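# Analysis of the macromolecular model
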Amino acid sequence: MPEASHTNLPYGVRVNGLAGVIRRGLAAAASPATAPGMRRYMKSDMPFLGVPKPERVRVLRAALDEHPLTSRDEWLATALELWRGARFREERYAAVDLTGRRRDWQDVDLLPVYDEFVVTGAWWDFVDEVAANRVGPLLRAHPAHVTPLVRAWATDEDRWRRRTAVICQLASKGATDRDLLRDVVEANAADPDFFLRKAVGWALRQHARTDPDWVRAFVDDHPGLSALSRREALKHL
């Protein structure tokens, strides 16, 4: 794997703080031969360094070993610095990954941050992780606070907020709020957007693992579901 010196990086890296440590680690793990293919697959305007997920995980773990988090403020500031200052997509992946490292620091105050990731990330690779593994746990932990927000997102002009609303309960299993699931799916079932139709089918398919009879009945009661959503919903039934 190619090495990059701290004085000859492919872009300007801040040398202090955890964000700088992570950026240096990603730069050192860069694979110029792999990066173009990753960018094409993701249809990304932002370039890649060519660092696959297992290596990104290793880089983040090593960075946290070298520069342990001292406070929630530092943790959040680092994630935002990585996200907002990113020149390569892996930096944004690292920002999202970092927010998942401390479950004890998760609370509803983070919802504006996750909303920023969704709206400015504006692609499924960021949105799906944030929806299922950041917003979803907050919804289960704080339903009174988060449910109204999810309902609002379900009819928002931004399709990625809507996708987040539809799939944020993917990991909820028996704790799924079926009324909320019904409402967010119904709000988006007729939308022609591929990512929303796929999300509707995915959300129903996942819930079918826990409650197949409810999903069968829902699909039967909604003949207007797109062929894609219906096929995905019934895939394992």
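Reference entry: report on the structure contained in this document.

Thresholds applied
Just so you know, the residues in each chain are numbered from 1, in the order the chain's sequence is written. Per-residue local features are limited, in this predicted model, to residues with pLDDT of at least 70; the limit for side-chain atom pairs, both in listing and counting, is 80 or more; totals at the level of whole chains, interfaces and linings are taken over all residues. With hydrogens and water excluded, all non-hydrogen atoms of the structure serve as input to the side-chain values. Helix and strand assignments come from DSSP, with helices taken as H or I runs of at least 4 residues and strands as E runs of at least 2, each series counted from the N terminus. Radius of gyration here uses only the C-alpha atoms, and the compact-globule reference equals 2.2 Å multiplied by the residue count raised to the power 0.38. Think of it in three bands: residues with accessible area under 20% of the maximum for their type are buried, residues over 50% are exposed, and the middle band is partly exposed, with areas taken using a 1.4 Å probe on protein chains only. In this description, contact between two residues means that some pair of their heavy atoms is separated by no more than 4.5 Å. Throughout, the Shrake-Rupley method with a 1.4 Å probe supplies accessible areas, and for residues the shown protein chains are the sole cover considered. Under the convention used here, Asp and Glu are negative, Lys and Arg are positive, and both His and the chain ends fall outside the count. The location of each charge is read from NZ of Lys, CZ of Arg, CG of Asp or CD of Glu. For the purposes of these results, a polar contact is taken to be a pair of N or O atoms within 3.5 Å, where, inside protein, one atom must be able to donate a hydrogen and its partner to accept one; residues adjacent in sequence count only when each atom of the pair is a side-chain atom. Only buried residues count toward a nonpolar core, which is a set of Ala, Val, Leu, Ile, Met, Phe, Trp, Tyr and Cys residues joined through side-chain atoms within 4.5 Å. The salt bridge definition used is simple: a Lys or Arg side-chain nitrogen within 4 Å of an Asp or Glu carboxyl oxygen.

### Focus: the overall build of the protein
- Within the protein, the secondary structure is distributed over 13 helices and zero strands.
- Tracing the protein from N to C terminus, the helices and strands come up as α-α-α-α-α-α-α-α-α-α-α-α-α.
- Relative to its length of 237 residues, the protein is compact, with a C-alpha radius of gyration of 19 Å against a globular reference of 18 Å.
- C-alpha extents for the protein along the principal axes are approximately 60 × 35 × 30 Å.
- The burial tally for the protein puts 52% of its 237 residues in the buried class.
- Sequence separation of 24 or more characterises 68% of the internal contacts of the protein that already satisfy a separation of 6 or more.
- In the form shown here, the protein has an accessible surface area of approximately 11,500 Å², with 51% of it arising from carbon and sulfur atoms.
- For the protein, the distance from the average site of its 36 positive side-chain charges to the average site of its 33 negative ones is 5 Å.

### Side note on the environment of Asp158
- Positionally, Asp158 belongs in the loop between helix 8 (143-153) and helix 9 (159-167).
- Looking at Asp158, the relative accessible area reads 19%, which means it is buried.
- Along the chain, Asp158 and Ala62 lie 96 residues apart, while their C-alpha atoms are 36 Å from each other.
- Within polar-contact distance, the side chain of Asp158 engages the backbone nitrogen of Trp160 at 2.8 Å.

### Quick notes on helix 5 (residues 89-99)
- For helix 5, the buried fraction is high: ten of the eleven residues fall into the buried class.
- All buried positions along helix 5 are accounted for by Arg89, Glu90, Glu91, Arg92, Tyr93, Ala94, Ala95, Val96, Leu98 and Thr99.
- Taken together, the buried residues of helix 5 touch helix 1 (17-28), helix 2 (35-42), helix 3 (53-66), helix 4 (72-84), helix 6 (111-121) and helix 7 (124-141).

### As for the nonpolar core
- Formed by 74 residues in total, the largest nonpolar core has its most connected members in Ile22, Tyr114, Phe117, Val185 and Leu204.
- Element by element, the count of residues in this core is highest for helix 7, at eight residues.
- With residues up to four places along the chain from it excluded, the contact list for Phe117 reads Leu80, Trp83, Ala95, Val96, Thr99, Ala122 and Val130.

### Describing the pattern of salt bridges
- In this structure the tally under the stated criterion is 20 salt bridges.
- Between Asp115 and Arg161 there is a salt bridge, with its nearest N and O atoms 2.7 Å apart. In this pair, Asp115 is assigned in helix 6 and Arg161 in helix 9, connecting sequence segments 46 residues apart.
- By relative accessible area, Asp115 is classed as buried at 15%.
- For the salt bridge of Asp183 with Arg151, the shortest nitrogen-to-oxygen distance reads 2.4 Å. Taken together, the residues Asp183 in helix 10 (residues 178-188) and Arg151 in helix 8 connect sequence positions 32 residues apart.
- Salt bridges linked by common partners bring Arg151, Asp179, Arg182 and Asp183 together as one network.

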